[in-house]
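Structural features, examined
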Amino acid sequence: MKSGIIAIHKPEGISSARVVARVKKVLTAKKLGHTGTLDPFATGLLLCAVNKGTRISRFFLDGHKRYIARVCLGVETDTYDLTGKTVFTASKNIMDSLNNEDVEQTVNSFIGIQDQVPPAFSALKHKGQPLYKLARQGKKIEKPPRQIEIFDISIKHIDLPNIDMEVFCSSGTYIRSIAFDIGRRLGCGAHLLKLCRTQSSAFKLEDAIQLDSLERLDRTIVEQRIVPLSDCLAFMPRIVADKPIAQKIKFGQKLLKKEIGPSLVKPNQSIRVIDNDNNLLAIIQLNENRQEYNYSCVFLS
């Protein structure tokens, strides 16, 4: 069984955990996980990590994401999306005062680095408990703001009260919170009506396979859609190891900076070490003080 990442097009109305279970059943894989959850109502790109791919999942959590979202103005919910209870409805006068120009200016104002308060209904944990479970018990925990970055946000269509927009953002960004904040800035309230993830790191939705289609295919065909470990991490600098270096990695021996040769990588930057056949041997980071490399993950054993 190959190890790596397989891109799945998640359908609406199913949890990310359920998608993982169905993919695992098709592949009969020993290990299978995902690199970043999607809410049950959301659709789009879900990266599933197969076998040793589960060990590189964390390197995708910090990757950039791209979404297509539909925001509904005039109604605010406790979850900031369509699954929640309505907590505010704007008056007709407020809604009649809205115009496309104000909406566009408000949406565009979100571009840049900013602090964002995570929603109370989220998978973040407080004392070991997911916030959404506590919120359902009436215990809403407000986490401190976290720094995020919106690299680009653009309106695709306006048909008030709905806004269709595309968001390109850093990891950890809650699109539900953006919808909520847009409503607050416009003074009318808002919630997220639809969400589709179209990109995660270098993976794009057009390269994903529909979950139902995957389940109709032979396992050997599905395995061909698994992207190998080294190719998954193409965004990392790489070092091609010779046999002596490969042997050192196999036995967990120190890798000295002088042995690897000159490199432009920064201290603590993740580097993938591959062999001549593009097999991933390890992920390492340069320890400048000791003039050696620290191991992060080793795949050669």
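Structure report, in brief. Not measured: the values here are computed from a predicted model.

1. Some remarks on the overall build of the chain
Looking only at helices and strands, the chain has eleven helices and 20 strands in total. In terms of overall dimensions, the chain has a C-alpha envelope of 75 × 50 × 40 Å along the principal axes. Taking all contacts inside the chain whose residues are at least 6 apart in sequence as the whole, residues at least 24 apart take part in 68%. If you sum the accessible surface of the chain, you get close to 15,600 Å²; carbon and sulfur atoms cover 48% of it. A gap of 10 Å separates the mean positions of the 44 positive and 31 negative side-chain charges of the chain.

2. So, the environment of T28
By secondary structure assignment, the location of T28 is in the loop between α1 (16-27) and β2 (32-34). Once residues within four sequence positions are removed from consideration, T28 is found in contact with M1 and R219. Side chain to side chain, T28 and R219 meet in a polar contact 2.6 Å long.

3. Re the nonpolar core
Residues L73, M165, I175 and I178 are the most contacted members of the largest nonpolar core, which totals 29 residues. When contributions to this core are tallied by element, the ones reaching two or more residues are β4 (65-73), α4 (100-108), β10 (146-159), β11 (162-169), α6 (175-186) and β12 (190-200). At five residues, α6 tops the list of elements feeding residues into this core. In contact with I178, not counting residues within four places along its chain, are F110, Q116, I150, I153, M165, V167 and T173. In this structure, L47, F60, L205 and A208 belong to the second largest nonpolar core, which totals 21 residues.

4. Observations regarding the packing of α4 against α6
One way to put it is that α4 packs onto α6 with a least axis distance of 10 Å and a crossing angle of 130 degrees. Between α4 and α6, the crossing angle belongs to the class labelled oblique. The hand of the α4/α6 crossing is right-handed. Between α4, through D102, V103, T106 and V107, and α6, the contact on the second element is made entirely by I182, R185 and L186. For the contact of α4 with α6, the residue count by class is four nonpolar, one polar and two charged.

5. Some words on the pairing of strand β20 (residues 292-298)
Pairing analysis gives two bridges linking strand β17 (residues 255-256) to β20, with the strands arranged antiparallel. Residue L255 lies in a different strand from β20, and its bridge partner there is Y293. With antiparallel pairing between neighbouring strands as the criterion, strand β19 (residues 280-287) and β20 make up a hairpin whose turn holds four residues, including Q291 at a positive phi of roughly 60 degrees.

6. Thoughts on helix α10 (residues 243-250)
Taken residue by residue, α10 has I245, A246 and I249 as its buried positions. Down the axis of α10, the buried set is contained in an arc of 100 degrees. They therefore lie on one face. For α10, the exposed residues set more than 90 degrees away from the buried face come down to K243 and P244. Packed against the buried residues of α10 are β17, α11 (257-260), β18 (270-274), β19 and β20. Structurally, the start of α10 carries an N-cap: the backbone nitrogen of I245 is 3.0 Å from a side-chain oxygen of D242.

7. What to know about the sheet that holds strand β16 (residues 238-240)
With mixed pairing, five strands are arranged side by side in an open sheet as β16-β18-β19-β20-β17. Either end of the sheet is taken by a strand with one partner, and the two such strands are β16 and β17. Bridge count between β19 and β20: six bridges; the pairing is antiparallel. Bridge pairing in β20 places Q285 opposite N294.

Rules used in this analysis
Residues numbered from 1 in each chain as written. Predicted model: local features only at pLDDT ≥ 70, side-chain atom pairs only at ≥ 80, totals over all residues. Heavy atoms only, no water. Helix = DSSP H or I, 4+ residues; strand = E, 2+ residues; numbered from the N terminus. Contact = heavy atoms within 4.5 Å. Areas by Shrake-Rupley, 256 points an atom, 1.4 Å probe, with all protein chains shown as cover. Lys, Arg positive; Asp, Glu negative; His and termini not counted. Charge placed at Lys NZ, Arg CZ, Asp CG, Glu CD. Polar contact = N/O pair within 3.5 Å; in protein donor to acceptor, adjacent residues only side chain to side chain. Core = buried A, V, L, I, M, F, W, Y, C linked by side-chain atoms within 4.5 Å. Buried < 20%, exposed > 50% of the residue type's maximum accessible area, 1.4 Å probe, protein only. Axes fitted to C-alpha atoms, helices over the stretch in contact; angles between N-to-C directions. Parallel < 35°, antiparallel > 145°, perpendicular 65-115°, else oblique. Left-handed = near helix turned anticlockwise from the far one by under 90°. Nonpolar A, V, L, I, M, F, W, Y, C, P; charged D, E, K, R; others polar. Pairing = 2+ DSSP bridges. Arc of directions from axis to C-beta.

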